[in-house]
Structures are given as structure tokens and as C-alpha cells.
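Okay, here's what each chain looks like letter by letter:
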Amino acid sequence: MLKIENIIAGYNSKPIIRDISFSTKPRELTGLLGLNGAGKTTLLKVISGLLKPMEGNCYIKDIDIYKLKEKKRARYISYLPQRSSIIYNTKVIDVVLMGITPYLGAFDSPTSHHREMAYETLKNVSMEDYAEENFLHLSEGQKQLIIIARNLIQNSKIMLFDEPDSTLDYPNKHMVLGVIKNIVGLDNKSGIITLHDPNL
């Protein structure tokens, strides 16, 4: 599904990662292990199109992702950052509906059908009872599940997870990672996850 070829990338003309090549298959969750500063996040940003590589290519089913416009690329790839950037009061259901954005026109709003989809997606991560709650009032583990639901409704085949366990306590680490593993396995997706802990 995903093919990475000879990626060299970094910041301010200074390479952080060099000659990275690999491919992923459907229903496969690939783990990237490494210390802070090793380039894990940089690689995910390159794959998602947030950072253009100095050299190399990234293909999804033979489509060069760097030739796609941002909205079109978001239909193929979803990206879950280490921490949510949401800092304002908003309902959980509205956070999930943000995942519909790649499929909306410039002046379109989510429809009632999209709202039904969002509720169903919340059920997939066992968070439907929180749909009308304030996202900021949730625990870190619950927030991660909501952001996963947002990525799910985006319906991309490639799902990128950047240290989704970083702010979680031990039980929540296993809960969130278990949800991710099941989503990738059951929905015929391909996932890449960055981690520090080889046991996880």
C-alpha cells in the first residue's frame, strides 16, 4: 500500500534521516522504535506530506503523494500527532467531524449523514457516551481515542500515529494501542506507529 524510497529529510538543509526505504502491506502495523531526536516524527511528517524530503519518493498504490494537493492527500493518509492541538471548548462530536474536511468543498458544512457517521465512529472506539461532552474536559486517554475516531472518519488507507502513548498512564497505553491494532487489522488499513518502548 505504501512505498518509501531513499528518503533523506531534515530541517534548514540539515538531514535528520538518510536513505530510508521500506514498504507496508494492508492490515499491517509497522512500529518505528527510537530515542528522542532519532527522526521518527520527521519521517512521519514526510510520509504525510507535511514535510517535503530533500531526496526520495513516497508512493501509495503507485501514486506520488507529493503531486497531490493537500485535501486529496488527506483522503489517502491520516496523521495523529503526539498531542492534540485543540485548546478551545468544543464538543467531542465536532472534533470527530473535523475528519470529514477532506471531502467538503470550500463553503460546505458537515451534513446530518456525516453526523451519523461520527456517532458510529465514536462507537468503534467505545466513546459514544461522550459525544456531547466538552473535549477539553476528557482525560488524556479519552482525548487520544477521540482523535483516533477523527482519523477513522477521514477513511484513509494509511494511518500514521506519532507516539500516541506519550501522555498516557500504563493501562491507557495498552487500551489505546489495542484499539489502533484492531482498527488497522479489521479495516484493511496500513498503519505506522512511533514508540519508545519495545515491549509495547
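Model, not experiment: these values are computed from the prediction. (Residues numbered from 1 in each chain as written. Predicted model: local features only at pLDDT ≥ 70, side-chain atom pairs only at ≥ 80, totals over all residues. Heavy atoms only, no water.)

*Asks:* How do you make sense of the overall build of the chain when you look at a structure like this?
*Replies:* The secondary structure content of the chain amounts to six helices and eight strands. Shown N-terminal to C-terminal, the secondary structure of the chain runs as helices and strands in the order β-β-β-α-β-β-α-β-α-α-α-β-α-β. The globule rule puts the C-alpha radius of gyration for 200 residues at 16 Å, and the 17 Å found for the chain is close to it. With the C-alpha coordinates aligned to their principal axes, the bounding extent of the chain is approximately 45 × 40 × 35 Å. A burial count over the chain gives 46% of its 200 residues as buried. The contacts in the chain between residues at least 6 apart in sequence include a share of 70% that link residues at least 24 apart. When the accessible surface of the chain is totalled, it reaches about 10700 Å², and 49% of it is carbon and sulfur. In the chain, which carries 25 positive and 22 negative side-chain charges, the distance between the mean positions of the two groups comes to 6 Å. (Helix = DSSP H or I, 4+ residues; strand = E, 2+ residues; numbered from the N terminus. Rg over C-alpha atoms; globule rule 2.2 N^0.38 Å. Buried < 20%, exposed > 50% of the residue type's maximum accessible area, 1.4 Å probe, protein only. Contact = heavy atoms within 4.5 Å. Areas by Shrake-Rupley, 256 points an atom, 1.4 Å probe, with all protein chains shown as cover. Lys, Arg positive; Asp, Glu negative; His and termini not counted. Charge placed at Lys NZ, Arg CZ, Asp CG, Glu CD.)

*Asks:* I tried to follow helix α4 (residues 112–124) on my own but got confused; where do I start?
*Replies:* The periodicity of an α-helix, 3.6 residues per turn, causes residues three or four positions apart to be oriented the same way. An ideal rise of 1.5 Å per residue puts 18 Å on 13 residues; α4 measures up with 19 Å between its terminal C-alpha atoms. Every buried residue of α4 is accounted for by His114, Ala118, Thr121 and Leu122. Along the axis of α4, the buried positions cluster into a sector of 100 degrees, meaning they face one direction only. Exposed side chains of α4 directed beyond 90 degrees from the buried face belong to Ser112 and Glu116. Following α4 by one or two positions, serine 126 has its phi on the positive side, about 60 degrees. (Expected span 1.5 Å × (residues − 1). Arc of directions from axis to C-beta.)

*Asks:* Help me out: how do you make sense of unusual backbone geometry in this one?
*Replies:* Glycine aside, a negative phi is what most residues show, and trans is what most peptide bonds show. The backbone of lysine 61 sits at a positive phi, close to 50 degrees, despite the residue not being glycine. Within the element layout of this structure, lysine 61 appears in the loop between β4 (55–60) and β5 (63–64). The phi dihedral of asparagine 155 is positive, around 60 degrees, even though this residue is not glycine.

*Asks:* Any chance you could explain the layout of surface pockets here in plain terms?
*Replies:* Take a probe with the size of a water molecule and roll it over the atoms, and the empty space left behind shows itself. Counted as a void, the largest pocket has a volume near 480 Å³. Forming the walls of the largest pocket are 17 residues, and the residues nearest its centre are Glu70, Ala74, Ile77, Pro102 and Gln154. By residue number, the principal contributor to the lining of the largest pocket is helix α2 (residues 70–76), which donates four residues. (1 Å grid on protein atoms, 1.4 Å probe; cavity = no way out; pocket = protein on both sides within 12 Å on 5 of 7 lines; lining within 4 Å. Points joined across faces, edges and corners; volume = space filled by probe spheres on them.)

*Asks:* Which parts of the structure should I look at to understand the pairing of strand β1 (residues 2–11)?
*Replies:* Within a regular beta strand, the side chains point alternately toward one face of the sheet and then the other, so they alternate between its two faces. In terms of strand pairing, β1 meets strand β2 (residues 14–24) through seven bridges, oriented antiparallel. Looking across to β2, one finds that isoleucine 7 is bridged to isoleucine 20. Between β1 and the antiparallel strand that follows it, β2, lie two residues; asparagine 12 among them carries a positive phi value of about 55 degrees. Where β1 and β4 come together, five bridges link them in antiparallel fashion. Bridge pairing in β4 links isoleucine 4 to cysteine 58. (Pairing = 2+ DSSP bridges.)

*Asks:* How should I be thinking about the side chain of threonine 90 in this particular structure?
*Replies:* Relative to the assigned elements, threonine 90 resides in the loop between β6 (77–80) and α3 (92–97). Using a relative accessible area of 13% as the deciding quantity, one classes threonine 90 as buried. If sequence neighbours within four positions are ignored, threonine 90 has contacts with Val95, Glu133, Asn134 and Phe135.

*Asks:* I tried to follow the pattern of salt bridges on my own but got confused; where do I start?
*Replies:* Side chains that carry opposite charge are capable of pairing whenever their charged atoms lie near each other. Tallied over the full model, the rule gives seven salt bridges. Between lysine 40 and glutamate 163 there is a salt bridge; the shortest N-O distance is 3.7 Å. Here lysine 40 is found in helix α1 (residues 40–48), whereas its partner glutamate 163 is found in the loop between β7 (158–162) and α6 (170–186), with 123 residues between them in sequence. With respect to class, lysine 40 is no different from glutamate 163; both count as buried. (Salt bridge = Lys/Arg side-chain N within 4 Å of Asp/Glu carboxyl O.)

*Asks:* So what exactly am I meant to see when it comes to the environment of aspartate 197 here?
*Replies:* Relative to the elements of secondary structure, aspartate 197 occurs in the segment after β8 (190–195). With 164 residues separating them in the primary sequence, aspartate 197 and leucine 33 have C-alpha atoms 7.4 Å apart.

*Asks:* Just checking my understanding: could you explain the packing of α4 against helix α5 (residues 140–154) for this structure?
*Replies:* The relative placement of two packed helices comes down to the angle between their axes together with the axis-to-axis distance. Axis separation between α4 and α5 bottoms out at 9 Å; the angle between their running directions is 130 degrees. For the element pair α4 / α5, the angle class is oblique. For the element pair α4 and α5, the recorded crossing hand is right-handed. Of α5, the residues touching α4 (which contributes His114, Met117, Ala118, Thr121, Leu122 and Asn124) are Ile146, Ala149, Leu152 and Ile153. Counted by class, the contact of α4 with α5 contains seven nonpolar, three polar and no charged residues. (Axes fitted to C-alpha atoms, helices over the stretch in contact; angles between N-to-C directions. Parallel < 35°, antiparallel > 145°, perpendicular 65-115°, else oblique. Left-handed = near helix turned anticlockwise from the far one by under 90°. Nonpolar A, V, L, I, M, F, W, Y, C, P; charged D, E, K, R; others polar.)

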